Amino acid sequence: MARPSAPVVPANGIDATATSEAPGGGDARVEVCDICGITIAEKHRHLLHLVERRIECACESCWNVRSGDPEYRPTGNRTLWLPDLQVPDDLWAGFQIPIGLAFFMDSTVTACVVALYPSPGGATESELHFESWNRMRELNPVLVGLEPDIEGLVVNRLSDPPAYAIAPIDTCYALTGAIKMNWEGISGGPGVQEAVTRFFAELEREAVPA
Ligand SMILES: [Zn+2]
Ligand SMILES: [Zn+2]
């Protein structure tokens with residue numbers, strides 16, 4: 001039941017490079033607050049639009065004023081590196097994710113846990129069976145604390161050993177954005193591999209051990 005999930009990546013693609021250096025270290029990219037339109041620093045906060053599941057870049061004052069609104073949530077602020085996460089192959093296979101790269105989030109809007117995985121068109125979404133996520137939580141009690149909507153579990157099973165982390169939801173979407181941006185040809189090409197490696201190296205640097 002995979003379906004394209006259009007509105008989840010920032011339309012302007014700004015966050016695709018939020019966690020990596022711009023090629024050549026240039027600062028050609030101008031970041032603006034999606035709410036009031038003023039120019040903001042490259043490092044800035046984000047608000048999640050709950051119903052539309054859209055990540056919005058926010059200046060400090062919009063973040064302060066709007067983060068209490070019912071339709072907005074401040075994105076999560078912790079990054080937990082989870083080297084001991086247990087994900088048996090049969091459990092992973094049951095998720096039916098076509099590649100070894102995805103993030104999971106508990107969505108209050110769809111009332112279930114969804115997996116989003118990158119594709120050339122952006123993030124593709126599929127709903128998980130309740131039992132399989134339950135087994136994940138039984139094996140890994142840390143996942144019981146995964147904050148709905150604003151945090152995700154990021155998974156990279158293309159690497160050896162696999163990498164797992166709980167990260168703010170805007171960071172999770174940055175992964176799918178970076179992949180969309182670097183995708184070439186049918187299989188993605190070396191640019192995608194580099195983007196993924198860079199993303200997880202940065203994530204591990206920012207993370208605290210669980
Ligand atoms: Zn603003
Ligand atoms: Zn942003």
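Here's what I pulled together on the structure shown here.

Calculation criteria
Residues numbered from 1 in each chain as written. Chains lettered and ligands numbered in written order. Predicted model: local features only at pLDDT ≥ 70, side-chain atom pairs only at ≥ 80, totals over all residues. Buried ≥ 20, exposed ≤ 12 C-beta atoms within 10 Å, placed from the backbone. Helix = DSSP H or I, 4+ residues; strand = E, 2+ residues; numbered from the N terminus. Pairing = 2+ DSSP bridges. Expected span 1.5 Å × (residues − 1). Core = buried A, V, L, I, M, F, W, Y, C linked by C-beta atoms within 7 Å. Domains from an automatic or database assignment. Contact = placed C-beta atoms within 7 Å. Axes fitted to C-alpha atoms, helices over the stretch in contact; angles between N-to-C directions.

**Re the pairing of strand E12 (residues 163-168)**
Here comes step 1: A large share of E12 lies buried, amounting to six of its six residues.
Here comes step 2: The pairing of strand E11 (residues 151-156) with E12 spans six bridges and is classified as antiparallel. Directly across from Leu153, in E12, lies its bridge partner Ile166.

**Re helix H4 (residues 169-182)**
Here comes step 1: Relative to the 20 Å expected for 14 residues at 1.5 Å per residue, H4 spans 20 Å between its end C-alpha atoms, a close match to the ideal helical length.
Here comes step 2: The buried fraction of H4 is high, at 12 of 14 residues.
Here comes step 3: Within the sequence span of H4, burial applies to Ile169, Asp170, Thr171, Cys172, Tyr173, Ala174, Leu175, Thr176, Gly177, Ala178, Ile179 and Asn182.

**Digging into the nonpolar core**
Here comes step 1: Core analysis: the biggest nonpolar cluster contains 50 residues, and Ala102, Phe103, Leu153, Val154, Ala165 and Leu175 have the highest contact counts within it.
Here comes step 2: Per-element accounting of this core gives the leading share, seven residues, to H4.
Here comes step 3: Each of domain 1 (2-74) and domain 2 (80-209) accounts for three or more of the residues forming this core.
Here comes step 4: Look past the residues within four positions of Phe103 in its chain and what remains in contact with it is Leu116, Gly152, Leu153, Val154, Val155, Cys172 and Leu175.

**Comments concerning the sheet that holds strand E6 (residues 72-74)**
Here comes step 1: Spatially, three strands are ordered E5-E4-E6 in an open sheet, and the strand pairing comes out antiparallel. The sheet terminates laterally at strand E5 (54-58) and E6, the two strands that pair on one side only. In this sheet, neighbouring strand axes are inclined to one another by 35° on average, regardless of whether the strands run parallel or antiparallel.
Here comes step 2: Bridge count for strand E4 (residues 45-49) against E6 is three bridges, and the pairing is antiparallel. Across the sheet, residue Leu47 finds its bridge partner in E6, namely Pro74.

**Notes on the environment of Ser159**
Here comes step 1: Along the chain, the position of Ser159 falls in the loop between E11 and E12.
Here comes step 2: Note on Ser159: 12 C-beta atoms within 10 Å, which makes it exposed.
Here comes step 3: Taking the C-alpha atoms as reference, Ser159 lies 8.6 Å from Gly100; in sequence the two are 59 residues apart.

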